[in-house]
Every structure is written in structure tokens, then in C-alpha cells.
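A closer look at the structure
What follows is each chain in one-letter form.
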Amino acid sequence: MQWLPISQQRYSLAEGPFWDTEGQTLYWADIVGRMACRLSPDGYRQWQLAEPVSAFIPCNRGDALVTLTSGVYRLDLASAEAEPVLERFCVADATPGNRANEARCDAQGRLWLGTMQNNIAENGGDLPITRRSGGLFRVDPDGSVTQLLSDLGIVNTLLWSEAGDRVICGDTLDESLYVHRVADDGRLVDRHAWAGPHPRGAPDGSAMDAQGYVWNARWGGHCLLRFAPDGCLDRIIELPLSHPTSCVFGGPNLTHLYVTSATPGEMANELDGAVLMADVGISGRPCTRFAG
């Protein structure tokens, strides 16, 4: 399996990759660099934002959502890169000192957003995490917000079963991925551990392939772990970088896997901070745009 960077650019903390099948376009964010990034058939663009941004997700109406510390905003994709036009859409988590982290849309096009205690200093350095103040929220297309979980550490990974009746949600502080049943009223119930700690790094973001296997980026682990639908480890996929953060299936047949990564304090590899791509020969499940 040959992993290649999609460009020469390196990012401080690239995260939240999203593949838009209709536009054959890759979206991602650089949390510390405060950038929303897009690679389309027309070329590369990046919008410089005033706050850390954890996700960049296109909307059905033609703009995109960006998840910032102060709330969820709509970004006008026609606006200038240095002066992006933003409109606040909602505040999912009003807890002082928290920031947005993981964000994905379910099959209905509703945004699920995980938050955490802010660990990024104003200068981009690290701040200690001292409390479990994170939560999981659902943002509907009309902007209404429902809190689904509380008392979380670092929310990472949001994936749904094909039927939509189960969701896999990880907590990096626990070094574990959990599965929850989605009740008829939308609540998350019957949580149980799905994949526990592993010596190859801590769980970060994930993608699901068409067979229901989960490809999990391992923070500090130089690899992805592929878990079977029952949570058992299927294989280890080695990567030429130290801190992968998330991944997504893309390309014309959804067989290209894109992996975002971070640049650690001391670079261990020249590809740290790159966005990598490889044709893994397995089709993935498509991403869903925000329905609003």
C-alpha cells in the first residue's frame, strides 16, 4: 500500500476530513492553524479563520458549516480566503472553556458534534486537560440543538450502522471506542465498550468501509487499526507519519483513503502534518452533507 501526500503543504493539526461525492472534493480543517481547507477539481483553497476550527462540512444549500470554539457557523464558499464571510448558525455547547472537536453528519444530514475542554493556547501551544466537560450534541437542519451525552473527555470518531440504530463514538481519554444504541426518540442508550486500549496509540477519528469495518487513526501510533464489525482487531495499517488524526474514503469509487495528521512538537517524520492518500482497494461508505 503506497501512501502519498496530496500536496507539499504541512498542517499543525489537520482533522475532520470529509469527501463530497457530488463535487469529488475533499474538505478538512487545521484546528491549530485555524484554516478551513478544500481540494476540488478546480484546485486548492483555504480560508483563514479567527478561531480554532475542527470540521468543515458542505451543506445542501451550497455553503458549508465550520465548527468553531464560539459556535457553528455557515461559511460562504465564494468569499475571499483571507476575509471569509461567516454567519453564526447555532451554539451547540455553551460550556465556558470548551471547544468543538469531532463532527460528522448522519444519514439524515444532521450534524453530530463532540466537544471537549479547550486544550489549545492562544499561541497554538498545548494546554492541559483537567476535566471531563465535553459533550455530544445533535444539530438539526433548522439549527435546533439536542444534547445526547455529557461528562466526556475527548470525543473522537462518529460512525453509524447501516440501519442507523447504533453509533460508535470514542473517547480518547479512555483510549476506547464505545457503541450506543439509538432509541426511537433519538436518545443514546445501552452504551458498552466496543474496542478498548491498544499499544499502538490512542483512538482518534475513523472511517467505515462498505463491509462495516472501522478504520481508526491512532494518535501517536504511526498507524491505522482496522476493526471488524464486532470490535475485534482485523489488521494494522502502517503509516509513514507519527500522529494520524482521522481518515475518510473518497475518490471516484470511494476506494481512496485520505488520512489527516498533525505535526508534533518535534517532527519525527518529514510527512508529519501531511494529508496522505492511498488506494486501499476497498470501498468506503459515503459522507453525507448537512441537510440545512
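An account of the accompanying structure is given in this report. Computed from a predicted structure; not experimentally measured.

The phi dihedral of Asp 151 is positive, around 60°, even though this residue is not glycine. Here Asp 151 lies in strand β13 (residues 145-152). Assessed through its relative accessible area of 56%, Asp 151 is described here as exposed. Its identity as a non-glycine residue notwithstanding, Glu 175 has a phi of 55°, on the positive side.

This part covers the sheet that holds strand β14 (residues 155-160). If you walk across this open sheet you meet the four strands as β14-β15-β16-β17, and the pairing is antiparallel. A strand with exactly one partner marks an edge of an open sheet, and here the two such strands are β14 and β17 (188-195). Adjacent strand axes in the sheet meet at a mean angle of 25°, parallel and antiparallel pairs treated alike. For β14 and strand β15 (residues 166-171), the ladder comprises five bridges, and the chain directions are antiparallel. The residue bridging Leu 158 from the neighbouring strand is Cys 169, located in β15.

Take the sheet that holds strand β21 (residues 233-238) next. Reading across the sheet, the four strands line up as β18-β19-β20-β21 and stay open at both edges, with antiparallel pairing between neighbours. Whereas interior strands pair on both sides, the edge strands pair on one side only; in this sheet they are β18 (202-208) and β21. The mean angle between the axes of side-by-side strands here comes to 25°, regardless of whether they run parallel or antiparallel. Bridge count between strand β19 (residues 214-219) and strand β20 (residues 223-227): five bridges; the pairing is antiparallel. In the strand pairing of β20, Ala 217 is matched with Leu 224.

Okay, the pattern of salt bridges next. Scanning the entire structure with this criterion turns up 18 salt bridges. Notably, a salt bridge pairs Asp 171 with Arg 132, separated by 2.8 Å at the nearest N-O pair. Of the two residues, Asp 171 is situated in strand β15 and Arg 132 in the loop between β11 (111-117) and β12 (134-139); the sequence distance between them amounts to 39 residues. Its salt-bridge partner being Glu 238, residue Arg 200 comes within 2.8 Å of it at the nearest N-O pair. With Arg 200 in the loop between β17 and β18 and Glu 238 in strand β21, this residue pair connects regions lying 38 residues apart in the sequence. Exposure remark for Arg 200: the relative accessible area of 23% places this residue in the partly exposed category.

For strand β8 (residues 71-75), the buried fraction is high: five of the five residues fall into the buried class. Pairing analysis gives five bridges linking strand β7 (residues 64-68) to β8, with the strands arranged antiparallel. If you follow Ala 64 over to β8, its bridge partner there is Leu 75. Looking at chain direction, β8 and strand β9 (residues 86-90) are connected through four bridges and run antiparallel. Note on β9: the bridge partner recorded for Val 72 is Cys 90.

Before going further, it helps to examine the nonpolar core. Core analysis: the largest hydrophobic core is formed by 29 residues, its most contacted members being Ala 36, Phe 56, Ile 57, Val 66, Leu 75, Leu 77 and Leu 111. Those elements that place two or more of their residues in this core are β3 (25-30), β6 (53-58), β7, β8, β10 (98-105), β11 and β12. In this structure Val 66 touches Ala 36, Leu 49, Val 53, Ala 55, Phe 56, Gly 71, Val 72, Tyr 73, Leu 75 and Leu 86, once residues within four positions along its chain are discounted. Grouped together as the second largest cluster of nonpolar side chains are 20 residues, Tyr 213, Val 259, Leu 271 and Ala 278 included.

This part takes up the side chain of Thr 25. Checked against the element boundaries, Thr 25 lands in strand β3. Here Gly 23 takes part through its backbone oxygen, which lies 2.8 Å from a polar atom of the side chain of Thr 25. The contact partners of Thr 25, leaving out residues within four places of it in the chain, are Phe 18, Trp 19, Asp 20, Arg 38, Leu 39, Ser 40 and Pro 41.

Rules used in this analysis
- Every chain begins its residue count from 1, and numbering advances along the sequence as written.
- Restriction of local features to residues with pLDDT of at least 70 applies here, the model being predicted, together with a cutoff of 80 or more for giving and counting side-chain atom pairs; totals for whole chains, interfaces and linings are based on all residues.
- By convention in this description, side-chain values take in all heavy atoms of the structure and omit both hydrogens and water.
- Runs of E in the DSSP output that reach at least two residues are strands. Runs of H or I that reach at least four are helices, and both are numbered from the N terminus.
- The rule is simple: take the accessible area with a 1.4 Å probe, protein chains only, and divide by the maximum for that residue type; under 20% is buried, over 50% is exposed, in between is partly exposed.
- Any two strands are treated as partners once DSSP identifies two or more bridges connecting them.
- Angles run from 0 to 180 degrees between N-to-C directions of axes, and those axes are lines fitted to C-alpha atoms, restricted for helices to the stretch in contact.
- The term salt bridge refers to a side-chain nitrogen of Lys or Arg lying within 4 Å of a carboxyl oxygen of Asp or Glu.
- The definition of a nonpolar core used throughout is a set of buried Ala, Val, Leu, Ile, Met, Phe, Trp, Tyr and Cys residues joined through side-chain atoms within 4.5 Å.
- Any two residues whose heavy atoms approach within 4.5 Å are treated as being in contact.
- For this analysis, a polar contact is any N or O atom pair within 3.5 Å, provided that within protein one partner can donate a hydrogen and the other can accept it, and provided that sequence-adjacent residues contribute only side-chain to side-chain pairs.

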